[in-house]
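Residue-level structure breakdown
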Amino acid sequence: MTLTNRLRELRLQNDLTQEAMGRSVSVTRQTVIAIEKGGYVPSVKLALELAMVLGVPLEEVFWIDETN
């Protein structure tokens, strides 16, 4: 099972740079990049904060892909 996300797609829809997204949730741009690429699994708190910034429910940003 793999945690999958639409963070990049939703961030771009909201006209947010990686830097701006990171600042809004108190993480670095590098952390945002790592989450978008699937190389870093955010804490539940961070995942919820990201979803709040994007104005969508958590499950629209992150979900578990059971095929992997």
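Residues numbered from 1 in each chain as written. Predicted model: local features only at pLDDT ≥ 70, side-chain atom pairs only at ≥ 80, totals over all residues. Heavy atoms only, no water.

1. Brief notes about the overall build of the chain
Under the convention used in this document: Secondary structure is summarised from DSSP: a helix means a run of H or I of at least four residues, a strand means a run of E of at least two, and numbering begins at the N terminus for each. Within these notes, the globule rule equals 2.2 Å times the number of residues to the 0.38 power, and the radius of gyration is based on C-alpha atoms. In this scheme, a residue with accessible area under 20% of its type's maximum is buried, one over 50% is exposed, and one in between is partly exposed, where area comes from a 1.4 Å probe on protein chains only. When checking whether two residues touch, look at their non-hydrogen atoms; a contact exists if any pair is within 4.5 Å. Just so you know, the count uses Lys and Arg for positive and Asp and Glu for negative, and it drops His and the chain ends. In this description, the location of a charge corresponds to atom NZ of lysine, CZ of arginine, CG of aspartate or CD of glutamate.
The number of helices and strands found in the chain is five helices and two strands. In the chain, the succession of helices and strands from N to C terminus is β-α-α-α-α-α-β. Here the chain has a C-alpha radius of gyration of 11 Å; the compact-globule value for 68 residues is 11 Å, and the two agree. Taken across its 68 residues, the chain has 31% of its residues classed as buried. By sequence separation, contacts in the chain at least 24 residues apart represent 61% of the contacts at least 6 residues apart. Each charge class in the chain can be summarised by its mean position, and for the 7 positive and 9 negative side chains these summaries are 9 Å apart.

2. Section: the nonpolar core
How we decide: Residues enter a nonpolar core if they are buried and are Ala, Val, Leu, Ile, Met, Phe, Trp, Tyr or Cys, with the set joined through side-chain atoms within 4.5 Å.
With 14 residues, the main nonpolar core has Leu7, Met21, Ile35, Leu50, Leu54, Val61 and Phe62 as its most contacted residues. Listed by contribution, the elements that provide at least two residues to this core are helix H1 (7-13), helix H3 (29-36) and helix H4 (44-54). The greatest single-element share of this core, amounting to five residues, is contributed by H4. Apart from the residues within four sequence positions on either side, leucine 7 is in contact with Met21, Val32, Ile35, Glu36, Leu50, Leu54 and Val61.

3. Side note on unusual backbone geometry
Across the chain, the bulk of peptide bonds are trans and the bulk of non-glycine residues have phi less than zero. Positive phi values are uncommon outside glycine, yet aspartate 15 reaches one of about 55 degrees. Notably, serine 26 is not glycine yet its phi reads approximately 60 degrees, a positive angle. As for its placement among the helices and strands, serine 26 is situated in the loop between helix H2 (18-24) and H3. On the basis of relative accessible area, serine 26 is assigned to the exposed category, the value being 69%.

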